[in-house]
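These are the residues of each chain, in order.
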Number of protein chains: 2
Amino acid sequence: MTRAKQKTLLEACRQQGLRITGPRRVILEVLSAAEDHPDVEELHRRVAAIEPGVNIATVYRTMTKLTEQGLIERHVFEDGRLRFERAPEVHHDHFIDVETGKVVEFRSEEIERLQEEIAEKYGYEIVSHRLELYVRPRSGS
Amino acid sequence: MTRAKQKTLLEACRQQGLRITGPRRVILEVLSAAEDHPDVEELHRRVAAIEPGVNIATVYRTMTKLTEQGLIERHVFEDGRLRFERAPEVHHDHFIDVETGKVVEFRSEEIERLQEEIAEKYGYEIVSHRLELYVRPRSGS
DNA sequence: CGCCCAGTTGCAAACGGATCGCAATTAGAG
DNA sequence: CTCTAATTGCGATCCGTTTGCAACTGGGCG
């Protein structure tokens, strides 16, 4: 299954005319395997585990390219770092555990709809949005 | 009315036991008058217009203090800079005009409620949240 | 099959926002 | 008025990100 995703991402790159170089191939592999929302440093670490010698600047540049192509999504959470995830077919929002930093995805049709409604009321058109719920595991009960 | 707010903020500081120094007095004045969501550089600029010589590090430090005391709210929008606004009595969210960067506030009870609902479903307790709608003025109609 | 060059990379320097160490200053309690 | 802890200005520093540049290379074309 990871394999399927991987192929898709790599092929998407080819279609966009991006050169498939050694470093890039590894970065795509790492991105395809990622189930979370790693920052650049973390991506670089994972890449280095497969193929040392890839410079972090290359990771930055590749992420910029992929974001421009719409193949991945870039987030900036409260810590200010850039984080990435493969572009999902349908948009989703995020829970962020304030203690562990762990990110969980969710989607609410109702919230999506309400946002549109409110924007319209104000005379706006939504270009994109960001909803992050900073949470902790429900204690007690 | 600005006067009323100003007094409140300054008095709140006194109550918290913060020393009211020259620089601080000016920063509080600027914050009280602000209707928008300035970043530190902008705050510093406004402060300097009233009283030159206040160092930007002082602005940073003061904002940190005020945030810790819960007197102001700190935001990090997509541009990654720290932005501030006076702590509102009731929470609100933001529209951000993608072209001008202008920030407009709104509040939706329904969305607030839905967030709680969803968090509960996932077994979380919401500590805080952030909802930003990046928009442009509705064209056409 | 090899040439060629625009795209890509590694490296180091630069950048920009935010923070910090330190010595000098000062608010404000007693 | 005094005394001390809080605050300030200043410069250095941090850290994530970007950039300039020379070397390298993928992959289209002959």
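To start, this report covers the structure provided alongside it. All of these numbers come straight from a predicted model, not from anything done at the bench.

1. A closer look at the nonpolar core
Next up, step 1: One finds F95 and L133 of chain A together with F95 and L133 of chain B to be the most contacted residues of the largest nonpolar core, which totals 24 residues.
Next up, step 2: When contributions to this core are tallied by element, the ones reaching two or more residues are β4 (103–106), α5 (109–121) and β5 (124–137) of chain A together with β4 (103–106), α5 (109–121) and β5 (124–137) of chain B.
Next up, step 3: Those residues in contact with F95 of chain A that lie beyond four places of it in its chain are K102, V103, V104, F106, L133 and V135 of chain A together with I118, A119, Y122 and Y124 of chain B.

2. Structural notes on the interface of chain B and chain A
Next up, step 1: If you look at the interface, chain B gives 35 residues, while chain A gives 35 residues.
Next up, step 2: Summing both partners gives a buried area of about 3,600 Å² for chain B against chain A, and 59% of it is carried by carbon and sulfur.
Next up, step 3: By the criterion of area lost to chain A, the three top residues of chain B are Y124, R130 and R138 of chain B, representing 22% of everything that side buries.
Next up, step 4: For the interface between chain B and chain A, the tally reads four salt bridges.
Next up, step 5: With a closest N to O distance of 3.8 Å, R130 of chain A and E78 of chain B form a salt bridge.
Next up, step 6: In this assembly, chain B and chain A are joined by 14 residue pairs in polar contact (both at pLDDT 80 or more).
Next up, step 7: The greatest single-element share of the side of chain B that touches chain A, amounting to 14 residues, is contributed by β5 of chain B.
Next up, step 8: The sheet contact formed by β5 of chain A and β5 of chain B spans 13 bridges and is antiparallel. Following the sheet pairing, R130 of chain A is matched in β5 of chain B by E132 of chain B.

3. Regarding the protein's contact with DNA strand C
Next up, step 1: Close to DNA strand C lie 19 residues; T21, R24 and T58 of chain A together with Y60 and L82 of chain B are nearest.
Next up, step 2: Put simply, 68% of the atoms of DNA strand C that lie within 4 Å of the protein are in sugar or phosphate.
Next up, step 3: Contacts to DNA strand C include G53 of chain A, whose backbone N or O atom sits 3.2 Å from a phosphate oxygen.
Next up, step 4: R61 of chain A is positioned such that a nitrogen or oxygen atom in its side chain is 2.8 Å from a base nitrogen of DNA strand C.
Next up, step 5: Of all the secondary structure elements, the ones that give two or more residues to the surface near DNA strand C are α2 (22–33) and α4 (56–68) of chain A together with α4 (56–68) of chain B.

4. Notes on the protein's contact with DNA strand D
Next up, step 1: Taken together, 19 residues are adjacent to DNA strand D, and Y60 and L82 of chain A together with T21, R24 and T58 of chain B come closest.
Next up, step 2: Contact between DNA strand D and R81 of chain A: a phosphate oxygen at 2.9 Å from a side-chain N or O atom of the residue.
Next up, step 3: Here a phosphate oxygen of DNA strand D and a side-chain polar atom of R24 of chain B are 2.6 Å apart.
Next up, step 4: Sorting the residues of the surface near DNA strand D by element identifies α4 of chain A together with α2 (22–33) and α4 of chain B as the ones contributing at least two each.
Next up, step 5: By residue number, the principal contributor to the surface near DNA strand D is α4 of chain B, which donates four residues.
Next up, step 6: Of the residues assigned to the surface near DNA strand D, the class counts are seven nonpolar, five polar and seven charged.

5. Things to note about α4 of chain B
Residue and element names in this part refer to chain B.
Next up, step 1: Here α4 is 13 residues long and its end C-alpha atoms lie 18 Å apart, about the 18 Å a rise of 1.5 Å per residue gives.
Next up, step 2: Of the residues making up α4, those classed as buried are V59, T62, M63 and L66. Along the long axis of α4, the arc covered by the buried residues comes to 100°, so they all point the same way. Residues of α4 that are exposed and point over 90 degrees away from its buried face: R61 and E68.
Next up, step 3: For α4, the side-chain oxygen to backbone nitrogen distance between the N-cap and A57 is 2.8 Å, and the N-cap itself is N55.

6. Here's the deal with the pairing of strand β1 (residues 72–76) of chain B
Looking along a regular strand, one sees side chains alternate from face to face of the sheet.
Residue and element names in this part refer to chain B.
Next up, step 1: For β1 and strand β2 (residues 82–86), the ladder comprises five bridges, and the chain directions are antiparallel. When the sheet's bridge partners are listed, R74 is paired in β2 with F84.
Next up, step 2: Taking the residues between adjacent antiparallel strands as the criterion, β1 and β2 are bridged by five residues, where G80 takes a positive phi near 85°.

7. Comments concerning the sheet that holds β4 of chain B
In any sheet, the strands associate via hydrogen bonds between backbone groups, in a parallel or an antiparallel arrangement.
Next up, step 1: Taken together, the six strands give an open sheet; going across it, the order is β4(A)-β3(A)-β5(A)-β5(B)-β3(B)-β4(B), and neighbouring strands pair in mixed fashion. Sheet topology places β4 of chain A together with β4 of chain B at the edges, where each strand pairs with a single neighbour. Here the strands of the sheet are splayed against their neighbours by 25° on average, with no regard to which way each runs.
Next up, step 2: Across the face of the sheet, α5 of chain A comes into contact with β3 (93–97) and β5 of chain A together with β3 (93–97), β4 and β5 of chain B while running at roughly 135° to β5 of chain A.
Next up, step 3: Taken strand by strand, α5 of chain B contacts β3, β4 and β5 of chain A together with β3 and β5 of chain B, and its axis lies near 135° from that of β5 of chain B.

Quick notes on the rules
- Think of each chain on its own: its residues are numbered from 1, step by step along the sequence as written.
- In the order they appear in the text, chains get letters beginning with A and ligands get numbers beginning with 1.
- In keeping with the model being predicted, local features are shown solely for residues with a pLDDT of at least 70 and side-chain atom pairs are shown and tallied solely at 80 or more, while totals for entire chains, interfaces and linings include all residues.
- Hydrogens are left out, water is left out, and the side-chain values use all remaining heavy atoms of the structure.
- To form a nonpolar core, buried Ala, Val, Leu, Ile, Met, Phe, Trp, Tyr and Cys residues must be joined to one another through side-chain atoms within 4.5 Å.
- Relative accessible area decides the class of each residue, using a 1.4 Å probe on protein chains only: under 20% of the type maximum gives buried, over 50% gives exposed, and in between gives partly exposed.
- Helix and strand definitions here come from DSSP, where helices need a minimum of 4 consecutive H or I residues and strands a minimum of 2 consecutive E residues; each element is numbered from the N-terminal end.
- Throughout, a contact is declared for two residues whenever any of their heavy atoms are within 4.5 Å.
- Buried area: the accessible surface (1.4 Å probe) lost by two parts on joining, summed over both.
- For this document, the term salt bridge refers to a Lys or Arg side-chain nitrogen within 4 Å of an Asp or Glu carboxyl oxygen.
- A 3.5 Å cut-off defines polar contacts: any pair of N or O atoms within that distance qualifies, except that in protein one atom must be a possible hydrogen donor and the other a possible acceptor, and neighbouring residues in sequence count only when both atoms are side-chain atoms.
- Two strands are said to pair when DSSP picks up at least two bridges between them.
- One heavy atom within 4 Å of a molecule or strand is enough for the residue carrying it to be called near that molecule or strand.
- Three classes are used, and their members are as follows: Ala, Val, Leu, Ile, Met, Phe, Trp, Tyr, Cys and Pro are nonpolar, Asp, Glu, Lys and Arg are charged, and the others, Gly among them, are polar.
- Any helix carries an expected span of 1.5 Å times its number of residues minus one.
- As used here, the arc is the angular range of directions from the helix axis to the C-beta atoms.
- Note on geometry: axes are lines fitted to C-alpha atoms, helical ones only across the stretch in contact, with angles between N-to-C directions running from 0 to 180 degrees.

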